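# Coordinate analysis (summary)
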There are 2 protein chains.
Amino acid sequence: MALGVREHVADSSRIDILRAAACCFMERGYTATSIDDVARRIGATKGRIYHHFPSKADLFAEVFRHGMDINFEALAPFQGMAGPALVRWRRMAKTHVLQMIDTKPFQRAVWIGVEMHLRGATTPEQRSVFNELIDYRDRYGAQFRDTLIQCRDEGVFRFENPSIAGQLMFMTLNSPIFWYSPRTGETRSDIEAIADQVVDYAQGGLCKEQGTQT
Amino acid sequence: MALGVREHVADSSRIDILRAAACCFMERGYTATSIDDVARRIGATKGRIYHHFPSKADLFAEVFRHGMDINFEALAPFQGMAGPALVRWRRMAKTHVLQMIDTKPFQRAVWIGVEMHLRGATTPEQRSVFNELIDYRDRYGAQFRDTLIQCRDEGVFRFENPSIAGQLMFMTLNSPIFWYSPRTGETRSDIEAIADQVVDYAQGGLCKEQGTQT
DNA sequence: TTGACAACATACCGGGTAGTATGTTCAACA
DNA sequence: TGTTGAACATACTACCCGGTATGTTGTCAA
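Overview of the structure. This one's a predicted model, so the numbers in the text were calculated from it and none came from an experiment.

### With respect to the packing of helix α4 (residues 56–75) of chain A against helix α6 (residues 104–118) of chain A
Residue and element names in this part refer to chain A. Contact geometry for α4 and α6: axes closest at 8 Å, N-to-C directions at 120°. By the criterion of interaxial angle, the relationship of α4 to α6 is oblique. Where α4 crosses over α6, the two elements pack in a sense that is left-handed. Across from Phe 60, Val 63, Phe 64, His 66, Gly 67, Met 68, Ile 70 and Asn 71 in α4, the residues of α6 making contact are Phe 106, Gln 107, Ala 109, Val 110, Ile 112, Gly 113, Val 114 and Met 116. Taken together, the residues of the contact of α4 with α6 sort by class into 11 nonpolar, five polar and no charged.

### Focus on the relation of the copies chain B and chain A
Overlaying chain B on chain A yields an RMSD of 0.0 Å, the required transformation being a rotation through 180° with an accompanying axial translation of 0.0 Å. What we have between these two chains is a two-fold relation.

### Focus: the protein's contact with DNA strand D
The full set close to DNA strand D counts 17 residues, and A:Ser13, A:Thr45, A:Arg48, B:Lys46 and B:Lys56 are the nearest of them. In DNA strand D, atoms within 4 Å of the protein come 68% from sugar and phosphate. Within the contact set of DNA strand D, a phosphate oxygen lies 3.1 Å away from a backbone nitrogen or oxygen of B:Thr33. The side chain of B:Tyr50 places a nitrogen or oxygen atom 3.1 Å from a phosphate oxygen of DNA strand D. Secondary-structure elements contributing two or more residues to the surface near DNA strand D are α1 (5–32) and α3 (46–52) of chain A together with α3 (46–52) of chain B. Looking at the surface near DNA strand D, the element that brings in the most residues is α3(A), giving four residues. Of the residues assigned to the surface near DNA strand D, the class counts are four nonpolar, eight polar and five charged.

### Overview of the interface of chain B and chain A
Between chain B and chain A, the residue contacts involve 42 residues of the former and 43 residues of the latter. Across the chain B/chain A interface, buried area totals approximately 3800 Å², and carbon plus sulfur atoms make up 60% of it. When the area that chain B buries against chain A is broken down by residue, the three leading residues are B:Leu168, B:Gln197 and B:Tyr201, summing to 19%. On inspection of chain B and its partner chain A, the count reaches two salt bridges. Between B:Glu115 and A:Arg108 there is a salt bridge whose closest N-O contact spans 2.9 Å. Joining chain B to chain A, the criterion identifies 10 residue pairs in polar contact (both at pLDDT 80 or more). Those elements giving two or more residues to the side of chain B that touches chain A turn out to be α1 (5–32), α5 (85–102), α6 (104–119), α8 (162–174), α9 (176–179) and α10 (188–206) of chain B. Of the residues contributing to the side of chain B that touches chain A, the split by class is 18 nonpolar, 14 polar and 10 charged.

### A word on the nonpolar core
As a rule of thumb, nonpolar side chains are buried together in soluble globular proteins. Formed by 135 residues in total, the largest nonpolar core has its most connected members in A:Trp89 and B:Trp89. What B:Trp89 contacts, discounting residues up to four positions off in sequence, is B:Thr147, B:Leu148, B:Cys151, B:Phe157, B:Met169, B:Val199, B:Ala202, B:Gln203 and B:Leu206.

### Remarks on the environment of B:Glu27
Residue placement: B:Glu27 occurs in helix α1. Residues in contact with B:Glu27, not counting those within four places in the same chain, are A:Arg119 and B:Arg41. A distance of 2.6 Å separates polar atoms of two side chains, one belonging to B:Glu27 and the other to B:Arg41.

### What about the packing of helix α7 (residues 124–153) of chain A against helix α8 (residues 162–174) of chain A?
Residue and element names in this part refer to chain A. The interhelical angle for the contact between α7 and α8, taken along N-to-C directions, is 115°, at an axis separation of 11 Å. It follows from the interaxial angle that α7 and α8 lie roughly perpendicular. The interaxial crossing formed by α7 with α8 has right-handed handedness. Residues Arg 137, Gly 141, Phe 144, Arg 145, Leu 148, Ile 149 and Arg 152 of α7 form the contact with α8, whose participating residues are Pro 162, Ala 165, Gly 166, Met 169, Phe 170, Leu 173 and Asn 174. Of the residues that constitute the contact of α7 with α8, the class distribution is eight nonpolar, three polar and three charged.

### What about the packing of aromatic side chains?
All names here are of chain B. Tallying each qualifying case throughout the model produces 23 aromatic pairs over all chains. Note on Phe 25 and Tyr 30: the rings are 5.7 Å apart at their centroids and 25° apart in plane angle, and the pair reads as stacked. Taken individually, Phe 25 and Tyr 30 each receive the classification buried, so the pair is uniform in this respect. Between Trp 89 and Phe 157, the ring centres sit 5.2 Å apart and the planes meet at 90°, which makes this aromatic pair edge-to-face.

### A short note on the layout of surface pockets
By volume, the largest pocket amounts to about 1100 Å³. Every element with two or more residues in the lining of the largest pocket is listed here: α4, α5 (85–102), α6, α7 and α8 of chain A together with α1, α6 and α9 of chain B. In terms of residue count, α8(A) provides more of the lining of the largest pocket than any other element does, eight residues in total. When grouped by side-chain class, the residues that make up the lining of the largest pocket number 18 nonpolar, 11 polar and 10 charged. Put simply, the second largest pocket is a space of about 900 Å³.

About the cut-offs
- Residues numbered from 1 in each chain as written.
- Chains lettered and ligands numbered in written order.
- Predicted model: local features only at pLDDT ≥ 70, side-chain atom pairs only at ≥ 80, totals over all residues.
- Heavy atoms only, no water.
- Axes fitted to C-alpha atoms, helices over the stretch in contact; angles between N-to-C directions.
- Helix = DSSP H or I, 4+ residues; strand = E, 2+ residues; numbered from the N terminus.
- Parallel < 35°, antiparallel > 145°, perpendicular 65-115°, else oblique.
- Left-handed = near helix turned anticlockwise from the far one by under 90°.
- Contact = heavy atoms within 4.5 Å.
- Nonpolar A, V, L, I, M, F, W, Y, C, P; charged D, E, K, R; others polar.
- Least-squares fit on C-alpha atoms with pLDDT ≥ 70 in both.
- Near = heavy atom within 4 Å.
- Polar contact = N/O pair within 3.5 Å; in protein donor to acceptor, adjacent residues only side chain to side chain.
- Buried area = accessible area lost by both parts, 1.4 Å probe.
- Salt bridge = Lys/Arg side-chain N within 4 Å of Asp/Glu carboxyl O.
- Core = buried A, V, L, I, M, F, W, Y, C linked by side-chain atoms within 4.5 Å.
- Buried < 20%, exposed > 50% of the residue type's maximum accessible area, 1.4 Å probe, protein only.
- Phe/Tyr/Trp six-rings, centres within 6.5 Å; stacked < 30°, edge-to-face > 60°.
- 1 Å grid on protein atoms, 1.4 Å probe; cavity = no way out; pocket = protein on both sides within 12 Å on 5 of 7 lines; lining within 4 Å.
- Points joined across faces, edges and corners; volume = space filled by probe spheres on them.

Structure follows, in structure tokens:
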């Protein structure tokens, strides 16, 4: 059952296409990205893309799925982690932010996919595939939401509407996909400092108490 | 110099097109929106659109401009307002959030425009028009950034990187354009409560002090 | 009454794009 | 060594969309 050389080559070719597609979708959006764009980026032609993916929509879906796959993978170590909920939340949040920075093209594609789903910009055939991906993404989000509720139960977070709190938290933690871009000479600890500032901001927003109303 | 009936009719027709265009751009994005889509939404045809706007790019630019026009208008009362910076910041922030909710289609179009500019997804001819609009939007953002710095000078806000703090603040205050949608039976005070929660979150994020590190 | 023009609608064209049909090459068997 | 099929490239088609060119209609001013 071990994979032969052929399979490895095929997988490598497939992931190369996924990476190129993710970059194209990030740079131009779904509609404005042509299959030829993706092919050209890796010095290939349409034939190669359509050999591995049945359609543009399927290619996009696979980019989405891969993006979520690596997110789940990164978050796995904190599943069922003991101790204070806040500590777990901070680790999860920082991991998530670093993931947004490290795999920006895929995460932008995920964002685009969610937007497409919310706008209903999907054909009936795509619907089932998309629903599955959105569920996949919701299960990921649920891990954060559970921890969020635990933090509130433990008294470290305070917020009115949990739904809105979750939206604001994810907007904050996802935001680097929009404004982060690598600086020349940037070290890993520089990036970690950025991630820390993002996590601190979210934490501050979630445990607010002060109120200089109106 | 008073405008006649003809001019008012023409202006009304123009603003109707702008509104329809804003909705289309919000629902499908720039590329996926066709001129025919915009026309169909108001029961018209291409001819009407091209009579008022020379091109799709110009139509989009005018939607962008109108979105920023109403933003400036809403924020005008707080220009040069005396008193603590935090009070001014809260009023500006809440006004901004309510504006995002009340004029969502235009604000989404502005977002799309900024994304297009950042991606360089503009033709040389569009470049100058776009640069002007981005400047226009930056001047709007500067009003917030100035107040942000004042708040830090007055000791009520604390953050490391001002640039990142600004990004996070705007992501929070703009976020309703992505997740807000009106509920049936929703009153104005319900909306204000949502806006307050958003502003509170941003404020909490900007004056963080606590730190359960790593 | 009549021209003139604004405010559209209709008809059409050219370029780009998703998808397909058909080569072509080359590695792994039998 | 012949054969098969994976992994592409090439050539082509049908369609959609931005833009234009050309009607058509109603209104106002002289």
